[in-house]
Amino acid sequence: MDMSQYLEIFIDETKEHLQGLNQSLLQLEQNPQDISMLNEIFRVAHTLKGMAGTMGFSRMAKLTHDMENVLHALRSNEIKVTSGLVDILFKCLDALENYTENIVNTGNEGNNDYNNIIAQLNNAVNKKNVEPVSQKPSDVQQTQKVEEKGNDNNHATAQFKLNQYEQNVAFKAKEMGMNVFKITVVLNKGCVLKSARSFIIFQTLERHSEIIKSEPRVEDIEDEKFDYEFTVVCVTKEDIEVFIKDINSIAEIDEVLVTVLDSSDFQAGALQEANTTATPNPSSEQDSGSEDEASSDKKQDENNQGASAHKTKTGKTVRVDIDRLDVLMNLVSELIIIKTRLEGIDGGERTQAYSEAVEYLERITTNLHDAVMKVRMVPVEMVFNRFPRMIRDVARELKKEIVLNMSGEETELDRTVIDEIGDPLIHLLRNSADHGIESIEKRKEMGKSAAGQINLRAYQDGNNVVIEVDDDGQGINLEKVKKKAIERGLVKKDIANTLTQKDIIDFLFKPSFSTQEQITDLSGRGVGLDVVKTKIEQLGGVVEVETEAGKGSKFIIRLPLTLAIIQALLVIIGEEKYAIPLSSTKEIIKITPDQIMMIQKKEVIMIRNTVIPIVRLDQILDVPKDETKIPKQLTVVIVKKGERLSGFVVDSLIGQQEIVIKSLGKLLSGIKCIAGATILGDGNVAMILDVNSLAI
Amino acid sequence: MEDVINVEGKQYVVFMIGKENYGVDIQKVTTIEKMMPFARVPKTPDYVKGVINLRGEIVPVIDIRTKFGMEITEETEETRIIILKINEISLGIIVDEVDEVLNLTEESIENVANFTNDLSMDYILGVGKVDGRIVTLLNLEKLADISENNERGE
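Residues numbered from 1 in each chain as written. Chains lettered and ligands numbered in written order. Predicted model: local features only at pLDDT ≥ 70, side-chain atom pairs only at ≥ 80, totals over all residues.

**With respect to the overall build of chain B**
Check the secondary structure of chain B and you find three helices and 11 strands. Taken from the N to the C terminus, the helices and strands of chain B come in the order α-β-β-β-β-β-α-β-β-β-β-β-β-α. Counting across all 154 residues of chain B, residues that qualify as buried make up 34%. Counted over contacts in chain B with a minimum sequence separation of 6, partners at least 24 positions apart contribute 54%. (Helix = DSSP H or I, 4+ residues; strand = E, 2+ residues; numbered from the N terminus. Buried ≥ 20, exposed ≤ 12 C-beta atoms within 10 Å, placed from the backbone. Contact = placed C-beta atoms within 7 Å.)

**Points about the overall build of chain A**
Secondary structure summary: chain A contains 26 helices and 22 strands in total. For chain A, the proportion of its 696 residues judged to be buried stands at 33%. The contacts of chain A with a sequence gap of at least 6 include a subset with a gap of at least 24, amounting to 69%.

**Quick look at the packing of helix H18 (residues 387-398) of chain A against helix H19 (residues 415-436) of chain A**
Residues and elements named next belong to chain A. It is at 10 Å that the axes of H18 and H19 come closest, and there the two elements cross at 30 degrees. Classified by the angle their axes make, H18 and H19 are roughly parallel. Two packed elements cross with a definite hand, and for H18 against H19 that hand is right-handed. Across the interface between the two elements, Phe387, Met390, Ile391, Val394, Ala395 and Leu398 from H18 touch Ile426, Leu429, Arg430, Ala433 and Asp434 from H19. Along the lines of polarity and charge, the residues of the contact of H18 with H19 split into nine nonpolar, no polar and two charged. (Axes fitted to C-alpha atoms, helices over the stretch in contact; angles between N-to-C directions. Parallel < 35°, antiparallel > 145°, perpendicular 65-115°, else oblique. Left-handed = near helix turned anticlockwise from the far one by under 90°. Nonpolar A, V, L, I, M, F, W, Y, C, P; charged D, E, K, R; others polar.)

**Re the interface of chain B and chain A**
Between chain B and chain A, the contact holds 22 residues from the first and 22 residues from the second. If you list the elements that add at least two residues to the side of chain B that touches chain A, you get strand E4 (48-54), strand E5 (57-63), strand E7 (89-95) and helix H3 (140-153) of chain B. The element that contributes the greatest number of residues to the side of chain B that touches chain A is H3 of chain B, accounting for five residues. For the side of chain B that touches chain A, a count of residues per class yields 12 nonpolar, five polar and five charged.

**Description of unusual backbone geometry**
Unusually for a residue other than glycine, arginine 608 of chain A sits at a positive phi of about 45 degrees. When you line up the elements, arginine 608 of chain A lands in the loop between strand E16 (602-607) and strand E17 (610-616).

**Re the sheet that holds strand E2 (residues 209-215) of chain A**
Residues and elements named next belong to chain A. Within the open sheet, the four strands sit side by side as E2-E3-E1-E4. Their pairing is antiparallel. In this open sheet, the two strands that pair with only one neighbour each are E2 and strand E4 (253-260). With direction set aside, neighbouring strand axes in the sheet form an average angle of 25 degrees. The pairing of E2 with strand E3 (residues 229-236) spans six bridges and is antiparallel. In the strand pairing of E3, lysine 213 is matched with valine 233. With respect to the sheet, helix H8 (residues 194-208) is in contact with strand E1 (179-187), E2 and E3, its orientation differing from that of E2 by roughly 140 degrees. (Pairing = 2+ DSSP bridges.)

**Details of the nonpolar core**
Side chains of nonpolar character tend, in soluble globular proteins, to be buried together. Core analysis: the biggest nonpolar cluster contains 77 residues, and Ile580, Phe648, Met687 and Leu689 of chain A together with Val51 and Ile82 of chain B have the highest contact counts within it. Looking at which domains feed residues into this core, each of domain 3 (322-379) and domain 5 (565-694) of chain A gives three or more. With sequence-adjacent residues up to four places away left out, leucine 689 of chain A is seen in contact with Tyr578, Ala579, Ile580, Cys673, Ile674, Ala675 and Leu694 of chain A. Membership of the second largest hydrophobic core comes to 37 residues, among which are Val394, Leu404, Leu429 and Phe555 of chain A. (Core = buried A, V, L, I, M, F, W, Y, C linked by C-beta atoms within 7 Å. Domains from an automatic or database assignment.)

**Some thoughts on the sheet that holds strand E2 (residues 20-25) of chain B**
All names here are of chain B. Taken together, six strands build an open sheet; the order of strands is E8-E1-E2-E11-E10-E9 and the sheet is mixed. At either margin of the open sheet sits one strand with a lone partner, and together these are strand E8 (97-104) and strand E9 (109-110). Pairing between strand E10 (residues 124-130) and strand E11 (residues 133-138): six bridges, direction antiparallel. Of the residues in E11, the one forming a bridge with glycine 126 is leucine 137.

**Quick look at helix H7 (residues 164-175) of chain A**
All names here are of chain A. Taking 1.5 Å as the rise per residue, H7 with 12 residues should run 16 Å; its terminal C-alpha atoms sit 16 Å apart, in good agreement. Along H7, the positions that sit buried rather than exposed are Gln167, Ala170 and Ala173. Along H7, the residues classed as buried sweep out an arc of 125 degrees about the axis, all on the same side. Away from its buried face, by an angle of more than 90 degrees, H7 presents the exposed residues Gln164, Tyr165, Lys172 and Glu175. The positive-phi residue at the C-terminal boundary of H7 is glycine 177, with phi of around 80 degrees. (Expected span 1.5 Å × (residues − 1). Arc of directions from axis to C-beta.)

**Re helix H16 (residues 352-376) of chain A**
Across its 25 residues, H16 of chain A extends 36 Å between first and last C-alpha, which sits within 8% of the 36 Å expected from 1.5 Å per residue. Here H16 of chain A lies mainly on the outside; two of its 25 residues are buried.

**A few points about the pairing of E3 of chain A**
Residue and element names in this part refer to chain A. With eight of eight residues buried, E3 is to be regarded as a mostly interior element. Neither face of E3 is exposed, since Glu229, Thr231, Val233 and Val235 on one face and Phe230, Val232, Cys234 and Thr236 on the opposite face are all buried. When E1 meets E3, the two strands line up antiparallel, connected through eight bridges. Its bridge partner lying in E3, threonine 184 is registered against threonine 231.

**Some details on the confidence of the model for chain A**
Residue and element names in this part refer to chain A. Put simply, chain A has an average pLDDT of 76, and 81% of its residues get 70 or more. Confidence, read as mean pLDDT per element, is least for helix H6 (residues 136-151) in chain A (39) and greatest for strand E13 (residues 576-581) (92). Residue range residues 517-526 is modelled with pLDDT below 50. Its contacts to residues more than four positions away, or to other chains, number 22 contacts. (pLDDT = per-residue confidence, 0-100.)

Written out as structure tokens, the structure reads:
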């Protein structure tokens, strides 16, 4: 399967995670006791592992896996956070950044295994002494170089060699009384157009000389595939001073090192000796001196390269900060409020031209709203499509047969939600594959088909989008969960026996809770479900679990569409106006008070043989009301919450209207039955009812 | 103008509730509005009068009289809503009348421990004395904070 279309998402997400990792690591270094930071780092590592695994970047996955081992040991207090350890973690970060950089540039992660880092990680877990701090960064550098040298002899900067042909040219030139210079140019770190700058330098050099060798190669320099320094060898009749003067007149250069090469240098074949004697190790000096800067600069560099890579790869799309879309959305909201207000202006004063103008305005605002909404809405397919490959790999790894069935890929969600939903779904799917589906032998024993089924379904349900992950595996072993909960001190033994199924399942969502004895590459560390829950709740959604022993389990994620503008039914209760999202309303009926019956002290009505509980909104919302008036007829708005129906009793209806959802602000956040407020056409404020919490 | 130039002290918006003068830090005041219709928000403490539409922004409004357990009076022509911004939280407080802007130096503000007042001590920052007048300075952070706590408690 072609993963290239997800590469961009992967790169963006990885970069975001790495940035977060960087910050978390810095904070951990400041405050080694901070467990929450540790948890954060662990999650990032875990997520990266999953993502890299999904994309088939096995080296990256291996490294993050080993990182996780260390972090796990840290979390469970087996080892302590030391500065040496943090250094190793930083090295991992650098390595991951290098992988990402390779992926940006070439589409694959490269073939550096960073075995030394992995070895250090493993040492750390085995509580062996962590190497002293100062050595670390250069280690990374070295392995890289050694690896690179293995790939391509000409690539290693430290061992700058001329090939036979170049040696001959240089030798001939010397014979003819010309000078041979080796010039190393270090560009300023702030240099933006490195290739252009380098081009100028090359041009300047070529005025006086002939360049016989360049390291990195000229093509690479043109593509900006170098850090900030490059080395050239040129043959010239001019003196060394001329060169230094000329090059120094070019801006944005930090340093120029010119070395005169003697015939002996290339006769001996190794330029490197001359290096060590003439200028004591220019490049390595540079390296160690600016190591710290270098890593941050490298990152910036990587971003630059990332940006240019994007430009070339996807010219048709523009990545827009979601905040800008929010601003746009707010403006559209304001426009709609004004439009509604214009529509409401009394008909008597209207001229025909006015009416036409308003109608035209209405059309435009509606189109504008649709357009802005469309920009923000993305089909879940974007996230779903990377799963089949993942499940295939997972199945192979676990030696299980798993079939992934997906449906509802076209269901659309707000972009902000889409961006966040990937990780939780990866966790759930891996959980299903690892914990849920049994081994082939066991399935046969139990009389099931050899291939386990995992179903991933998305559909819209009113104002929510529901995503379900279910499997026909063994289900959740509630007894085992209960036992584990008691073991870990989450619950007392005597209380444990009184817990409901739901209570027990809730333990699964506690941090670091896992029933799996064996830690596998996939899951079992218990980070999965608490991450899922936190993420979903952040998005304003809920997670539910249904499970049946031997039959399988089902995770249901219910997410709000997070639409800023919705169609709503405006109603009057007492003297107050309220808005009910139209997507949750099913129908409106009028009943007489004697149609209300009592079942278990609850008011219900019967509609077409369905019993529907009644919610007296005026009582629940404490609406001030004239109690003496008893209406002959009641207006009931039937709303749906999932599959269930409830009847909201209101006094009268105003009608359907497009409303803009506004938050009540921080001060009033967290009120149960109110989802927000909206400004009506007349400038007054109406509360939007939260159907989910009001319905019975 | 003198007040503005004087860098020593801080400026306070002085308002009346009943016969008493109260002051809030002018830095925290966004605007002062006349009374406007507000929508009641269900399931909030009684001193949360509701929310108003302040040029497209929804702002909760607190009735100081109810909050501090004072006698409730009819609103008049002079009744104002002072819109405050405290730690990124916008809120309005209803006051009987907005008087003036006063400059108070550190020395003219006295510790509250020496005074007894109708208000709970928590909400008082200090008492400023200018020309024989007494201005009670409100602790706005507490005001925003407490109402939030009550909110959660509900």
